[in-house]
There are 2 protein chains.
Amino acid sequence: MGEGGIELLKAEEDKHGGVVVNVEVEDPIEPLNFSSWLQASISNWSQQGKKGVWIKLPIKHSNLVDTAVKAGFRYHHAEPDHLMLVYWIPHSPDTIPQNASHRVGIGAFVINNNREMLVVQETGGRFKGTGIWKMPTGTVNEIETEFVEILAFRQSHKSFFQKSDMFFVSMLRPLSFDIHSQASEIVASKWMPIEEYAAQSFVQEHDLFRFIAEICLSKLDGKYTGFSNLLTTTSSGKNTYLYFNGHDASNLVDSKNQQA
Amino acid sequence: MGEGGIELLKAEEDKHGGVVVNVEVEDPIEPLNFSSWLQASISNWSQQGKKGVWIKLPIKHSNLVDTAVKAGFRYHHAEPDHLMLVYWIPHSPDTIPQNASHRVGIGAFVINNNREMLVVQETGGRFKGTGIWKMPTGTVNEIETEFVEILAFRQSHKSFFQKSDMFFVSMLRPLSFDIHSQASEIVASKWMPIEEYAAQSFVQEHDLFRFIAEICLSKLDGKYTGFSNLLTTTSSGKNTYLYFNGHDASNLVDSKNQQA
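About the criteria used
Residues numbered from 1 in each chain as written. Chains lettered and ligands numbered in written order. Predicted model: local features only at pLDDT ≥ 70, side-chain atom pairs only at ≥ 80, totals over all residues. Heavy atoms only, no water. UniProt positions renumbered as here; feature names shortened; annotations may be inferred. Salt bridge = Lys/Arg side-chain N within 4 Å of Asp/Glu carboxyl O. Helix = DSSP H or I, 4+ residues; strand = E, 2+ residues; numbered from the N terminus. Least-squares fit on C-alpha atoms with pLDDT ≥ 70 in both. Contact = heavy atoms within 4.5 Å. Buried area = accessible area lost by both parts, 1.4 Å probe. Polar contact = N/O pair within 3.5 Å; in protein donor to acceptor, adjacent residues only side chain to side chain. Nonpolar A, V, L, I, M, F, W, Y, C, P; charged D, E, K, R; others polar. Expected span 1.5 Å × (residues − 1). Buried < 20%, exposed > 50% of the residue type's maximum accessible area, 1.4 Å probe, protein only. Pairing = 2+ DSSP bridges.

- Chain A is annotated in an unreviewed UniProt entry as Pre-nudix hydrolase domain-containing protein of Arachis hypogaea.
- Recorded in UniProt for chain A, the comment headed Sequence similarities (unreviewed entry) runs: "Belongs to the Nudix hydrolase family."

### Observations concerning the pattern of salt bridges
Side chains that differ in sign of charge can pair as their charged atoms come close.
Residues and elements named next belong to chain A.
Then comes step 1: One pass over the full model with this rule turns up 22 salt bridges over all chains.
Then comes step 2: Among the ionic pairs, Asp165 bridges to Arg103, the shortest N-O distance being 3.3 Å. Here Asp165, found in strand E9 (residues 163–174), pairs with Arg103, found in strand E6 (residues 102–110); they are 62 residues apart in sequence, far enough to count as distant.
Then comes step 3: Salt-bridge contacts for Lys134 lead to Glu122; the nearest nitrogen and oxygen are separated by 2.9 Å.

### Description of the relation of the copies chain A and chain B
Then comes step 1: For the pair chain A and chain B, the best superposition has an RMSD of 0.1 Å and corresponds to a rotation of 180° with a translation of 0.1 Å parallel to the axis. Look at the turn and shift together and you get a two-fold axis relating the two.
Then comes step 2: By residue overlap, the copies meet face to face through one surface: 100% of the interface positions of chain A are interface positions in chain B.

### Remarks on the interface of chain A and chain B
Quite often, the size of an interface is put as the accessible area lost when its parts meet.
Then comes step 1: Of the residues lining the interface, 79 residues belong to chain A; the matching set on chain B comes to 80 residues.
Then comes step 2: Of the roughly 6,600 Å² buried between chain A and chain B on both sides combined, carbon and sulfur atoms contribute 64%.
Then comes step 3: Across the contact surface, chain A and chain B share 25 residue pairs in polar contact (both at pLDDT 80 or more).
Then comes step 4: Among the elements that take part in the side of chain A that touches chain B, strand E8 (residues 145–160) of chain A stands out by supplying eleven residues, more than any other.
Then comes step 5: Each residue belonging to the side of chain A that touches chain B can be placed in one class, and the counts come to 37 nonpolar, 26 polar and 16 charged.

### Looking at helix H1 (residues 31–47) of chain B
Residue and element names in this part refer to chain B.
Then comes step 1: Taking 1.5 Å per residue, 17 residues should reach 24 Å; H1 reaches 24 Å between its end C-alpha atoms and fits that length.
Then comes step 2: Buried within H1 are the following residues: Phe34, Trp37, Leu38, Ala40, Ser41, Ile42 and Trp45.
Then comes step 3: If you follow the buried residues of H1, they end up packed against strand E2 (19–22), strand E3 (52–58), helix H2 (65–70) and strand E5 (82–88).
Then comes step 4: Count one or two residues on from H1 and you reach Gly49, which has phi positive near 75°.

### Comments concerning the pairing of E6(A)
Looking along a regular strand, one sees side chains alternate from face to face of the sheet.
Residues and elements named next belong to chain A.
Then comes step 1: Among the nine residues of E6, seven are classified as buried, and the element is accordingly described as predominantly covered.
Then comes step 2: Both E6 and E9 contribute to a ladder of nine bridges, which runs parallel. Counterpart to His102 in the pairing with E9 is Ser164.

Written out as structure tokens, the structure is:
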């Protein structure tokens, strides 16, 4: 972007016939300049037959949001440090992909060799001060583990503004038995016999917790198979993990290992 | 919000010690007025010991985004018609929940009584014009079905800007065998013998598609169990579906049905 006048915004082409403008300029930009660059650029992209125009606008250029909206852009998504705006040039219906719709959390079923389960008490949240021991949830960076299986998952619709929640109960194999807990979020943590965990009244009295405890117990007793994963690629060549019943489709893992 | 001066913004309390301002005013708001209301309101909420302040700002008030950012707000998330901004008042570390991180799609494995699978060709996307018949993906509003199981799912990290993709292959039981396809997205649709679907070279040559086809075939032959679901509630009483290996944990469904 230059000294003003009818300059064009620098854009990169995306794979879907559109362009992405990443406003990386450090200095403040005058809305009037931005407006004229934007109009000239849209006219140019339109002549080139471009479809979607994306503007990634860092929050420090928040003075340009209104300008982009007045030029016909709408919001697509935002992260703490930037806003993504989008404009669909053609007259045909837009094929702009949807924004993320789900928050994803995990619960970690981590068990040692003595049928003891890693449990925690948290500094905040619903169970604060109740004395209830629960499965660690959220991030489990603080203990070294290896993924075993996803045992179960749950989905709740529109649990947070318009977004949905998914929560995966994952069995993880500890690579170390020393617990280093995150002081800011965890009050206490320990290894607890799994039967003792399952016998807690909050677990017994609540279907969801009781079901999950029963699944964990069944798994430990060799009577339950969860979902294993296998690294493969999508049709566009990106890495992706496929999760499936590892018992019933053990042939998939075998055939993959034979190729490797 | 009043005629100007030191008015306070109307806010509702949330469950986490914070407040939510929903700017529902129809008329344009002057940034200078908004700025003084915001400052007075923050000072007031601060005295009340409030924590997170949320502003839901409709896109028609995009002229106020810059004002909110200058007052210390950051972006949280955005939808086409509004931007959600947030400000953390206390000096303690913020506990503002994360934005949605995943886009979730589904692929529908719909089979009739003749081992024929519902397949489509799409008007756009990667397989446009290739003649490849694929499982319907995205929304499946157009055929009446009943959920049977999730057979498998895959996760790709950061596949779309900073967001991750999850894709669930779901087995659905058709309640009608008439196909009404969505003309804007589907070029053609039909019932195809599942062996014929699986024999297509794009399925055979690509691990992911071949694995999924093998899982569908195994399911049809009674040799594979996916994830069944059970409606239950979270600890805060919200409806949630728990998905689990329906064969190995069939006792969960039984015990639930006995209660009902």
